[in-house]
Amino acid sequence: MCGITGYIGCRDATPILIEGLLKLEYRGYDSAGLALLDNGTLDVKKKKGRVSVLAEEVDKHPFRATMGISHTRWATHGGVTDANAHPHVSSDGNFAIVHNGIIENYENIKKFLLDKGYSFSSQTDTETLVNLIAYHYEHRTPPDSENRFLEAVRKTLRHIEGTYGFAVISKLCPDEMIAARKGSPLIIGVGKNEYLVSSDILGFAGRASNVIYLEDGQIASITRDNCDIVTVSNAPVDVRVNEIDWELENAELGGFDTYMEKEIFEQPKALENAIRGRISDDMSTAKLSGLNITPNELRQFDRILFCACGTAWHACLAAEYLIEKYARIPVDVEYASEFRYRNAPLDKNTLVFVISQSGETIDTLEALRESKRKGFRTLAITNSVGSTISRESDGGLYQYAGKEIGVASTKAFTSQIAICLLVALYIGRMRDLSFAAGREIVSAINSLPRAVESVLAKASGIEKIAQKYTSYEDFLFLGRLAEFPIALEGALKLKEISYIHAEGYPAAEMKHGPIALVCPECPSVILANSDDISLKIVSNAQEIKARKGPIIAVTDRPELFDGIADDVIAMPRVHESIRGIVATVPLQLLAYYIARSRGCDVDKPRNLAKAVTVE
Ligand code: M6R
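Reading the values: the criteria
- Residues numbered from 1 in each chain as written.
- Predicted model: local features only at pLDDT ≥ 70, side-chain atom pairs only at ≥ 80, totals over all residues.
- Heavy atoms only, no water.
- Axes fitted to C-alpha atoms, helices over the stretch in contact; angles between N-to-C directions.
- Helix = DSSP H or I, 4+ residues; strand = E, 2+ residues; numbered from the N terminus.
- Parallel < 35°, antiparallel > 145°, perpendicular 65-115°, else oblique.
- Left-handed = near helix turned anticlockwise from the far one by under 90°.
- Contact = heavy atoms within 4.5 Å.
- Nonpolar A, V, L, I, M, F, W, Y, C, P; charged D, E, K, R; others polar.
- Pairing = 2+ DSSP bridges.
- Phe/Tyr/Trp six-rings, centres within 6.5 Å; stacked < 30°, edge-to-face > 60°.
- Buried < 20%, exposed > 50% of the residue type's maximum accessible area, 1.4 Å probe, protein only.
- Lys NZ or Arg CZ within 6 Å of the ring centre and 35° of its normal.
- Core = buried A, V, L, I, M, F, W, Y, C linked by side-chain atoms within 4.5 Å.

Visitor: How do you make sense of the packing of helix α15 (residues 435-456) against helix α19 (residues 579-597) when you look at a structure like this?
Guide: Direction vectors running N to C along α15 and α19 enclose 25°, while the axes themselves pass 9 Å from each other. Here α19 runs roughly parallel to α15, going by the angle between their axes. The element α15 and its partner α19 pack so that their crossing is right-handed. Residues Leu-448, Ala-451, Val-452, Val-455 and Leu-456 of α15 pack against Ile-581, Val-582, Val-585, Pro-586 and Leu-589 of α19. When the residues that make up the contact of α15 with α19 are grouped by side-chain class, the tally is 10 nonpolar, no polar and no charged.

Visitor: How should the sheet that holds strand β7 (residues 164-170) be read in this particular structure?
Guide: Within a beta sheet, neighbouring strands are joined by backbone hydrogen bonds and run either parallel or antiparallel to one another. Spatial ordering of the open sheet is given by β5-β6-β7-β8-β12-β13, a layout of 6 strands whose pairing is antiparallel. At either margin of the open sheet sits one strand with a lone partner, and together these are β5 (88-89) and β13 (226-231). Running at roughly 140° to strand β6 (residues 95-100), helix α4 (residues 126-140) makes contact with β5, β6, β7 and β8 (173-182) of the sheet.

Visitor: I tried to follow the packing of aromatic side chains on my own but got confused; where do I start?
Guide: Geometrically, a pair of aromatic rings is defined through the distance of the ring centres and the angle of the planes. Counted according to the given criterion, the structure contains 14 aromatic pairs. Between the aromatic rings of Phe-95 and Tyr-137, the centroid separation amounts to 5.4 Å while the plane-to-plane angle is 65°, which identifies the pairing as edge-to-face. Linking Phe-95 in strand β6 with Tyr-137 in helix α4, this pair joins segments that are 42 residues apart in sequence. Of the two residues, Phe-95 and Tyr-137, neither departs from the other in class, the shared state being buried. These aromatic residues form a ring-pair network of at least three members: Tyr-469, Tyr-472, Phe-475 and Phe-477. Over the aromatic face of Tyr-137 sits the side chain of Arg-148, whose NZ or CZ is 4.2 Å from the ring centroid. The aromatic ring of Tyr-499 is capped on one face by Arg-606, whose charged end is 3.9 Å from the ring centroid.

Visitor: Would you mind going over the nonpolar core with me for this structure?
Guide: The nonpolar side chains of a soluble globular protein tend to be buried with one another. Membership of the largest hydrophobic core comes to 95 residues, with the highest contact counts inside it found for Phe-306, Ile-323 and Phe-475. The element that contributes the greatest number of residues to this core is helix α14 (residues 411-430), accounting for 13 residues. Excluding anything up to four places from it in sequence, Phe-475 contacts Tyr-469, Leu-494, Ile-500, His-501, Ala-502, Glu-503, Cys-522, Pro-523, Val-525, Ile-552 and Ile-594. Counting 30 residues, the second largest nonpolar core, distinct from the first, contains Phe-95, Tyr-137, Cys-173 and Val-230.

Encoded structure:
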């Protein structure tokens, strides 16, 4: 949700900022801009469109500077125009800012500033922030303050409601950059006589291995050879530098056409990484030291609450089936955005789990914080080492799936379910799950990467099926029990990357309404990989067939769909504990190939952004 980069050092800032923006483009891609500062001159360029459009503009009119800030936008306040693109400059021309987040009281601030003679040239909330900084610098901070720029920003932030991660530079303080954070991530990269700022370590493009994670309520004053941090209430902060592992952050296309395709095909590896080192020596349970909780403590919980958004929420639903089945603990699943406001009554022995690929989704983070405020033990499953959610939870499990760049989540989803299965196994073995059943599940978990590989080997067949369905505008995705969340995820994948309307439903529930949609123009993708219930699903398929709805069956019992399904994707027969994960893969491929043949930009679907850090 908007990407920010900043540089202050001795090198030419432009290529560093542009490269950083290209790496952050997955966070937003409506418009892009940069501001460079050299010798008292502030050079601002900003353009509607992708970073490549900005890069062309920068090439046409180069400006050399050794410090600057840049931004790739996901529009919140104000349409997608050049004027609304960041950076925004104060009306006195002295300050330039790039901002991620929402200033909720911007209208009041704007009125105040208009009265004082400040003017505005965009519809954004951000422009009020930069003008308020200019106002505080000019009128509220004595010229002899120890650090007048920092002081002006600090005073400004006391009047700001909402969320922000920003970097601001000023003609009046040509050797300093100020960065601050509340609610939107911001990281400072530490180099030799240089500092970088970014919303995500990817934005450093490998240029910094030592980083400082700015926390909420902190403000950094950065020069070429120093970084001081204070809080908004002016308390000094001990600066802690962390090392990052660039191998984990590797995000090159590696011969694939798109990140989404690469990430779908990376799933066997991602699953191996999720499982590695997490199986007990006797192969009957999981080893999950990251949970940071003793077996005795874990036994005290008699309920688990999962919170997440989007695809991660679907992973929570999959977790509900797995944990209730194998660990026999009741599980509730909540949308994080609802949970944070609805003050749900929670039993005192509830363990709260959040799932977030990015570890930065604001609703999930706030659900976590609210649970902590209420005194609940919180755990997180996240793919982003060092992310805010991973830092603020009481314990958790990293996915190690490798950076996910495609806006549509793929490998993160299957890896999240794999980790939830490990959790189900671990808690199950502490309770009623037998040694033999534990060994069976471990053996299934170990077979997972190869099972997924065998489905990926069918990609060209799935692509052929996809070609037949590219012009349909409505789809149903139907599955039962553990495959219901997978149906939801299949529908989400299709709609977010191909803009086709799709709905996921429990197969039998379809009769209670969605069947009204069934017609020759509305295909149904039916998941039927469960022994117990396959025959019931075949009956549901017959009901669709009787109404002339085209059917794509995804099944490990293709014979059941002879004469019923128009197309069949034959699945390997796998243990029930891993069926959901394996069944996800053909749905990802189907969505991918349909979207590609409709000419959609699958890595950067319209209106979306990878990490949703605003409400
Ligand atoms: O980073 P998170 O897992 O917290 O993200 C949650 C959702 O925003 C995310 O899964 C979103 O739904 C994806 N676009 C799905 O493909």
